[in-house]
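Analysis of the macromolecular model
Chain by chain, the residues:
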Amino acid sequence: MKPASLALSLAILASGLFCVSQSLAEQTGGTSLAMRRLTELQYENIIRDAFGTDITIGGRFDPGMRQEGLLEVGAGRASISASGLAQYVSMARSVAAQVLDTDHRAEFVACTPKAKNGPDDACAKRFIADTGRLLYRRPVPDAELKELVSGAGATALALHDFYAGLETTLATMLQSPEFLFRWEVREASGKNKGQLDAYSKASRLSFFLWDTSPDLELLEAARKGVLDTQSGIARQVDRMLASPRLEEGLRAFFYDMLILDTLPSLAKDAKLYPKFSFKVAADAEEQMLRTIVDVVLTQNGDYRDIFTTRKTFLNRRLGAIYNVPIAGTAEGGTPDGWQPYEFPLGDPRAGILAEPAFVALHSHPGRTSPTLRGRALREAVLCQKVPDPPGNVDFKLVQDTTNARYKTVRQRLSAHATEAMCTGCHKLVDPIGLAMENFDTIGAFRIEENGAAIDASGVLDGTKFTDAAGLARAVHDHPSVPACLVNRVYAYGVGRSPSKVEASWLKDDEQKAFADSGFRIVPLLRQIVTSNMFFLDPPPLDAAPQKAGAVSTKAASLNSPPRS
Amino acid sequence: MGLGWYNMRARSANDRASLLCRAALACSCAALVSASASASETRGFLISWFYIAQYYDTQGRDCPQGVNPNSEEIYRRELKILGKSQKEIDEYILTFLDNGKNAVNAPILTMRGTRDGKPANVYTDPESTRDPHIYTVVGPYGYGFNLDGKDKPGDFIDPDTGEHGVDNQLYKASGCTRELRPHSPTEYAPLPTSYWNVSREVMPALLVEISGIDDYKNDDNVTVAIYRAQERTMLDNSGAMLAGSSYHVDPNPRWHNVLHGRIRDGVIETDPSDINIATDPFLLPEYKFTRARLRLKINPDGTLQGKLGGYHAWFPFYFIYGVAGFGQEATTNIDMPGLYYALKRLADADPDPKTGQNMSISLAFQIDAVPAFVIHDNQPIVQVSTAQLGVTK
């Protein structure tokens, strides 16, 4: 894209953001509250849902912005860079070209134009309205629909091609702020005053539970006012929780919570760790998500068991790092064939904290980092904030892995942490990070470092242990673990940190309900999305938390959709 | 660094506990190699190098006359014999590597032979030209085995074992040709290396499995198997074979070579047997070794190294190079008819009953292997973490 063209696009986008805000508010009679930039996965999911899996996207997305521990919170403050916009433009053109090519157009254009070599406003309007509803997650406003139809006609006339007109218009819609951002609008009046409007509710539900835009049934429920009642919401929620798409939603949440978005850029010293590659990084992400989904969804188990489970999934690449045989690979012996794998009782490989997606992710390229690992555990799993190190810290001692006096990182950190400015934070993170020292920087097991035996003992907030499995049990039983999850789930759903009122409600009601359900996630999701808090944005100070209709915590647990 | 790499199998889940105990014990064996184990163990390996064992003599005693001429020198000689003028020879030498002139240049030297009074293709009919008598290795060192039990003139001394009477005529025939000999003590010959690097990514993996190990130092009864895998090899980020990767044994018994052997002072040796190894057409579609034996050693880092010695038909070792004709000769500096005659002349076994020409040649192949998991479809795998086996770094 030429600079002038890009600048123009940015200007259009900026004015578009303002106009959309105004337009939505005017159309709905509500107040535009917030907008969240689509994540890469959400973009891909929407295109897949709207146009099928054979439409390729390509392109690169602006990196996400993590705030309060979540990309979904940062998405509410993320903008689009000039290069990011150029990518959106390119992707929009590519997707539109594929959708309207001769192989696909019949699938997506339900009507037959009067003539292929010119405009047909009626047919164009039908395509734009149908497609726009899926892409914008609400009906295309009349004024915009009129403009888009007019634009499609003008292009068709100029190019003597009806489908070229649709292609150009679809590309325009895919670059629209209404598509690229999730807009949420509050009802300004009526019985649901203060709540999100119906289409905003539908989007919030859908992105929360499925990580994609609402399907036609949910949009139709919004149109008919079904989502204006708690019982109507509950019916849709039950349908969505029973859908196989719930797995995608859960994967997206844990991908966000566990900072897995940084895995693709993870690099290791190839000379020291030749087994690691970008493919292994991708495998590690998939492994961790499979492990979690197996516990919390497939087995409908206790969320905390993700930290202690002996069950995981391996392929041949990861098998080489784990140093275990991988039988029954996919046809042709491709390394991508995933196999369930259960470690024996007492194995140090316990739970997700022992998986490369944690221990390798939170390590340096050529050496481990108990500090990074401990900090990641505190921040991502316990929702605790660990301060950044001061700018003038001397890390030489910690980084010198050849120091004959300090052979293990425990010894090096011990010497380093005697410096007054370092002691406080290291006390917070090192005793838990050192318990993972039996896993090297790519996640392979080891018992020595530089010939010295590794001491993996440690303590987590008063609970002592001798190895990673002990740490896993301590994490499992730590009261902050379920509390953190509840808060993260809620923040992920609403796109911001809980307010004081919400935090109090989450603590008093939701955390208790979560515990009562046996720390099962599906009942927790149901409990949250069927509460009246979930769609109050932001909730007024005097909001009285109410449970969803007549559904009690216990009932939510008992009535949760069965998982196979 | 001590690495424990094991194929752990059990008939039932009840065996798991005992296997874990064995594994824990085996860990120390892996680290020390020479220590004893309390129960039979199995070790699996992925072959990372398999080609003619070429000894690099730092004192130059192998080829005292020097190495064989390169292709430019070969072609100057051959063109002169063909009666070309010095001007024609000089022009040819300037252009024989030019693909654009290949249609003109290639036939001149390809058809430098004579059969029934007509020009003949020397690559498909090497005997249509005379024997150029390329240099061959004169020793005294060469890897391998004393296959015939005799210490004859011209036999080598194995530089590793000190064994005399070593029969390795394949090395003798090819060891003074520059692309087929190592260029330093720490590397393998360049042409086989490039062949191997290409082939290993497309051919099924080659596996070694050593089972029935009761004592890594001395054991009268172990089984060494060489298998073809169902999967291709996996490489690590440095391009080397991926240690610790898993492979399923190809069920076709044709590629099952199960040999009886023993361990003496930590060296595993097998009884003579035929060994069939499928590789890749780029190397040789199938090696058919006869009266072959293995001498292998498990290194402290868990890797395996050793030699395969035996006999093999000599003609395929010409064919793998000669089949590509002029292009191969021009670019790899192998005097094709010269190699043909050397192999034929030095062949030392299996005489043709009618002509008396020996049809097989003694040889030694180098085997390098990294730890891997060898999986048999008919045997369940115990899912065991080698965390217990004590991988250290």
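Residues numbered from 1 in each chain as written. Chains lettered and ligands numbered in written order. Predicted model: local features only at pLDDT ≥ 70, side-chain atom pairs only at ≥ 80, totals over all residues. Heavy atoms only, no water.

1. Quick word on the overall build of chain A
Threshold: In this description a helix means any DSSP run of H or I spanning at least four residues, a strand means any run of E spanning at least two, and both kinds are numbered starting from the N terminus. Residues are treated as being in contact if the distance between any of their heavy atoms lies within 4.5 Å. Each accessible area is a Shrake-Rupley estimate made with a 1.4 Å probe; only the visible protein chains count as cover when residues are assessed.
Secondary structure summary: chain A contains 25 helices and eight strands in total. Intrachain contacts of chain A at a sequence separation of at least 6 include 70% that bridge at least 24 residues. Only carbon and sulfur atoms are counted for the fraction: they give 54% of the accessible area of chain A, which is about 22,800 Å².

2. Some words on the overall build of chain B
Condition: Exposure categories follow from relative accessible area, calculated using a 1.4 Å probe and restricted to protein chains: below 20% of the type maximum is buried, above 50% is exposed, and the middle band is partly exposed.
The helix and strand inventory of chain B stands at nine helices and 14 strands. The buried share of chain B, taken over its 393 residues, is 56%. Considering only intrachain contacts with a sequence separation of at least 6, the fraction spanning at least 24 residues in chain B is 66%. When the accessible surface of chain B is split by element, carbon and sulfur atoms take 52% of a total near 16,000 Å².

3. Brief notes about the packing of aromatic side chains
Just so we agree on the cut-off: Here is the rule: rings of Phe, Tyr and Trp (six-membered ring for Trp) pair when centre to centre is within 6.5 Å. Planes less than 30 degrees apart are stacked, more than 60 are edge-to-face, and the remainder are tilted. Whether a charge sits over a ring depends on NZ of Lys or CZ of Arg being within 6 Å of the ring centre and within 35 degrees of the ring normal.
If you walk through the whole model with that rule in mind, you get 47 aromatic pairs over all chains. Aromatic side chains A:Y490 and A:W505 sit 5.5 Å apart centroid to centroid with 75° between the ring planes, which places their arrangement in the edge-to-face category. Residue A:Y490 is located in helix α22 (residues 480-494), and its partner A:W505 is located in helix α23 (residues 500-516); the two are separated by 15 residues in the primary sequence. Overall, A:Y490 belongs to the buried group, its relative accessible area being 0%. Both rings, one in A:F534 and one in A:F535, keep their centres 5.0 Å apart while their planes meet at 75°; by these two values the pair is edge-to-face. Each member of the pair A:F534 and A:F535 is classed as buried. Three or more aromatic residues joined by ring pairs form one cluster here, namely A:F208, A:F253, A:F254, A:Y303, A:F307, A:Y490, A:Y492, A:W505, A:F514, A:F519, A:F534 and A:F535. Sitting over the ring of B:F156, B:K172 keeps its end group 5.2 Å from the ring centre.

4. Here we look at the state of the cysteines
All names here are of chain A. For clarity, the cut-off: Two cysteine sulfur atoms make up a disulfide if the distance between them is within 2.5 Å.
If you walk through the whole model with that rule in mind, you get three disulfides over all chains. What pairs with C111 in a disulfide is C123, and their sulfur atoms sit 2.0 Å apart. Because the sign of the S-S torsion sets the handedness, a value of about 95° for the bond joining C111 and C123 places this disulfide among the right-handed ones. Remark: C123 occurs in helix α6 (residues 121-136) and C111 occurs in the loop between α5 (105-108) and α6; sequence separation between them is 12 residues. Take C111 and C123: they sit in the same class, and that class is buried.

5. Quick notes on the side chain of A:S203
Assignment of secondary structure puts A:S203 in helix α10 (residues 198-209). Residue contacts for A:S203: discarding those within four places in its chain leaves A:R137, A:R182, A:F208 and A:P214.

6. A word on the domain arrangement of chain B
Residues and elements named next belong to chain B. The condition is simple: Residue ranges labeled as domains rest on an automatic or database domain assignment. Each of two parts loses accessible area, computed with a 1.4 Å probe, when they are put together; buried area is these two losses added. Any Lys or Arg side-chain nitrogen found within 4 Å of a carboxyl oxygen on Asp or Glu counts as a salt bridge. Nitrogen and oxygen atoms within 3.5 Å of one another constitute a polar contact, given that in protein one can donate a hydrogen and the other can accept it, and given that sequence-neighbouring residues count only through two side-chain atoms. In this classification, Asp, Glu, Lys and Arg are treated as charged, Ala, Val, Leu, Ile, Met, Phe, Trp, Tyr, Cys and Pro as nonpolar, and every other residue, Gly included, as polar.
The assigned domain composition of chain B is domain 1 (40-55 + 135-322 + 326-375) and domain 2 (71-133). Put simply, the middle of domain 1 and the middle of domain 2, counted by C-alpha atoms, are 34 Å apart. With 18 residues of domain 1 in contact, the opposing surface of domain 2 contributes 22 residues. Both sides of the domain 1 and domain 2 interface together cover about 1,600 Å² of buried area, and 54% of this is carbon and sulfur. Together, F326, P337 and Y341 form the three largest contributors to the area buried by domain 1 at its contact with domain 2, with a combined 41%. Counting across the interface, domain 1 meets domain 2 through four salt bridges. Ionic pairing is found between R112 and E329, a salt bridge with its closest N-O pair at 3.0 Å. Viewed at the interface, domain 2 and domain 1 are joined by 12 residue pairs in polar contact (both at pLDDT 80 or more). Of all the secondary structure elements, the ones that give two or more residues to the side of domain 1 that touches domain 2 are α7 (315-322), α8 (325-332) and α9 (336-346). Take the side of domain 1 that touches domain 2: its biggest share by element is seven residues, from α9. Class assignment for the residues of the side of domain 1 that touches domain 2 results in nine nonpolar, four polar and five charged.

7. Quick look at α8(B)
Residue and element names in this part refer to chain B. The buried fraction of α8 amounts to six of the eight residues, a majority that puts the element mostly inside the structure. Listed in full, the buried residues belonging to α8 are G325, F326, Q328, E329, A330 and T332. In this structure, the buried residues of α8 make contact with α2 (71-81), α3 (86-95), α4 (102-110), α6 (190-199), α7 and α9. Positive phi appears at N333, one or two residues downstream of α8, with a value of about 65°.

8. Describing the pattern of salt bridges
Evaluated as defined, the whole model comprises 53 salt bridges over all chains. Across the salt bridge formed by A:E437 and A:R446, the nearest N and O atoms sit 2.5 Å from each other. Just as A:E437 is buried, A:R446 falls in that class too. With its nearest N and O atoms 2.7 Å apart, the salt bridge here joins B:D350 to B:R291. Residue B:D350 is found in strand β12 (residues 349-351), and its partner B:R291 is found in strand β10 (residues 284-298); the two are separated by 59 residues along the sequence.

9. Focus on the packing of α6(A) against helix α7 (residues 142-159) of chain A
Residue and element names in this part refer to chain A. Operational definition: Helix axes are fitted to C-alpha atoms over the stretch in contact, other axes to C-alpha atoms as well, and angles between N-to-C directions run from 0 to 180 degrees. Any angle from 65 to 115 degrees is called roughly perpendicular, while one under 35 is roughly parallel, one over 145 is roughly antiparallel, and all others are oblique. Whether a crossing is left-handed or right-handed is set by the direction in which the near helix is turned from the far one by less than a right angle, anticlockwise for left-handed and clockwise for right-handed.
At a closest axis distance of 9 Å, the pairing of α6 and α7 adopts a crossing angle of 125°. With respect to their mutual orientation, α6 and α7 come out oblique. Here α6 and α7 pass one another in a crossing that is right-handed. The residues of α7 that touch α6, namely those facing D121, A124, K125, I128, A129 and Y136, are E144, L145, L148, V149, A152 and G153. Of the residues contributing to the contact of α6 with α7, the split by class is eight nonpolar, one polar and three charged.

10. So, unusual backbone geometry
Residue and element names in this part refer to chain B. The phi dihedral of D116 is positive, around 55°, even though this residue is not glycine. Along the chain, D116 turns up in the loop between β2 (113-115) and β3 (118-120). Backbone geometry at D350 places phi at a positive 55°, although glycine is not the residue there. Overall, D350 belongs to the partly exposed group, its relative accessible area being 31%.

11. Description of the pairing of strand β5 (residues 219-232) of chain B
Residue and element names in this part refer to chain B. Short version of the rule: Paired strands, as defined in this entry, are two strands with at least two bridges between them according to DSSP.
As paired strands, strand β4 (residues 204-215) and β5 are joined by seven bridges and run antiparallel to one another. Looking at β5, one finds that P204 is bridged to R232. Here β4 folds back onto β5 in antiparallel fashion, the turn holding three residues. The pairing of β5 with strand β7 (residues 256-264) spans seven bridges and is classified as antiparallel. In the strand pairing of β7, A225 is matched with V258.

12. Considering the confidence of the model for chain B
All names here are of chain B. Quick note on the threshold: As a per-residue measure, pLDDT tells how confident the predictor is, with possible values from 0 to 100.
In the predicted model, chain B carries a mean pLDDT of 86, and the fraction of residues at 70 or more is 86%. pLDDT under 50 marks residues 1-37. Its contacts with residues more than four places away, or in other chains, come to 100 contacts. Low pLDDT (under 50) marks residues 383-393, which in the prediction has 54 contacts with non-local residues, meaning those over four places away or in another chain. Across the whole predicted complex the pTM is 0.83, and at the interface the ipTM reaches 0.76.

13. Quick word on the confidence of the model for chain A
Close reading of the predicted structure is inappropriate where its pLDDT is low. Summing up the model confidence of chain A, the mean pLDDT is 87 and the portion of residues at 70 or higher is 86%. Predicted confidence for residues 547-564 of chain A stays below pLDDT 50, and this span has 35 contacts to residues more than four positions away or in other chains.

14. Overview of the environment of B:K101
Position of B:K101 among the secondary structure elements: in the loop between α3 and α4. Between the alpha carbons of B:K101 and B:I210 there is a distance of 53 Å; along the sequence they are 109 residues apart.

15. A closer look at the nonpolar core
Spelled out, the test is: Throughout this description, the term nonpolar core refers to a set of buried Ala, Val, Leu, Ile, Met, Phe, Trp, Tyr and Cys residues connected via side-chain atoms within 4.5 Å.
Counting 103 residues, the largest nonpolar core has A:F254, A:V296, A:Y303, A:L377 and A:L485 as the members making the most contacts within it. In terms of residue count, the dominant contributor to this core is helix α14 (residues 278-298) of chain A (10 residues). Judged by nonpolar contacts, the second largest core, of 85 residues, contains B:F50, B:A173, B:Y227 and B:A372.

16. What about a nonpolar patch on the surface?
Residue and element names in this part refer to chain B. What counts is decided by this rule: Patches draw on residues past 30% relative accessible area with no salt bridge. Two like charges within 9 Å are joined, as are two nonpolar side chains (Val, Leu, Ile, Met, Phe, Trp, Tyr) within 5 Å.
A contiguous nonpolar patch, built from F315, F319 and V323 and spanning about 280 Å² of accessible area, is present on the exposed surface. As for its position among the elements, F315 is in helix α7. You can call F315 partly exposed: its relative accessible area is 38%.

17. Brief notes about the environment of A:S363
Residue and element names in this part refer to chain A. Summarising the element assignment, S363 is placed in the loop between α16 (356-359) and α17 (370-381). By relative accessible area, S363 is classed as buried at 7%. A sequence separation of 131 residues divides S363 from V494, and the C-alpha atoms of the two residues are 32 Å apart. Among all residues touching S363, those that are not within four sequence positions of it are K268, T368, S369, L372, R373 and T441. Reaching out from S363, the side chain makes a polar contact with the backbone oxygen of V359 at a distance of 2.5 Å. A distance of 3.0 Å separates a polar atom in the side chain of S363 from a polar atom in the side chain of R373.

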